[in-house]
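Okay, here's what each chain looks like letter by letter:
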Amino acid sequence: MVRAFSDACQTRTWNLLIDVIAQTGHYAPGETDLKKFVVEGEERYWLHVAIDRFTGQVLDKQIEVVKE
């Protein structure tokens, strides 16, 4: 997979896909244990980023909302 991915990209650019899952919810009053977080909603986003390997400059970025 990595070889096929690298062949499709420019050698000077890193192309990254970051999968972000954002959840909303709450804790009971006074609760601090992460396991007791009650999820009320969830959104998923894909962040596409192109970075120049030599300078570290972000060349392009796009956010895509994922609907399942």
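What counts and what doesn't
- Residues numbered from 1 in each chain as written.
- Predicted model: local features only at pLDDT ≥ 70, side-chain atom pairs only at ≥ 80, totals over all residues.
- Heavy atoms only, no water.
- Pairing = 2+ DSSP bridges.
- Helix = DSSP H or I, 4+ residues; strand = E, 2+ residues; numbered from the N terminus.
- Axes fitted to C-alpha atoms, helices over the stretch in contact; angles between N-to-C directions.
- Salt bridge = Lys/Arg side-chain N within 4 Å of Asp/Glu carboxyl O.
- Phe/Tyr/Trp six-rings, centres within 6.5 Å; stacked < 30°, edge-to-face > 60°.
- Buried < 20%, exposed > 50% of the residue type's maximum accessible area, 1.4 Å probe, protein only.

(A) Layout of the sheet that holds strand β3 (residues 58-66). Pairing is antiparallel in the open sheet, where 3 strands are placed in the order β1-β2-β3. Either end of the sheet is taken by a strand with one partner, and the two such strands are β1 (13-26) and β3. Across this sheet, the average inter-strand angle for adjacent strands is 20 degrees, counted without regard to direction.

(B) Broad picture of the pattern of salt bridges. Inspection of the entire model under this criterion finds 2 salt bridges. D52 is paired through a salt bridge with R12; the nearest N and O atoms lie 2.8 Å apart. Here R12 lies in the loop between α1 (2-8) and β1 and D52 lies in strand β2 (residues 38-52), a separation of 40 residues in the sequence. A salt bridge links D19 to R44; the shortest N-O distance between them is 2.5 Å. Note that D19 is positioned in strand β1 and R44 in strand β2, a separation of 25 residues in sequence.

(C) Geometry of the packing of aromatic side chains. One pass over the structure, following the stated rule, counts 1 aromatic pair. Judged by centre distance (5.2 Å) and plane angle (65 degrees), the ring pair of Y27 and F37 falls under edge-to-face. Here Y27, found in the loop between β1 and β2, pairs with F37, found in the loop between β1 and β2; they are 10 residues apart in sequence, far enough to count as distant. A residue is classified by how much of its surface remains accessible, and Y27, at 31% relative accessible area, is partly exposed. For F37, a relative accessible area of 26% puts it in the partly exposed group.

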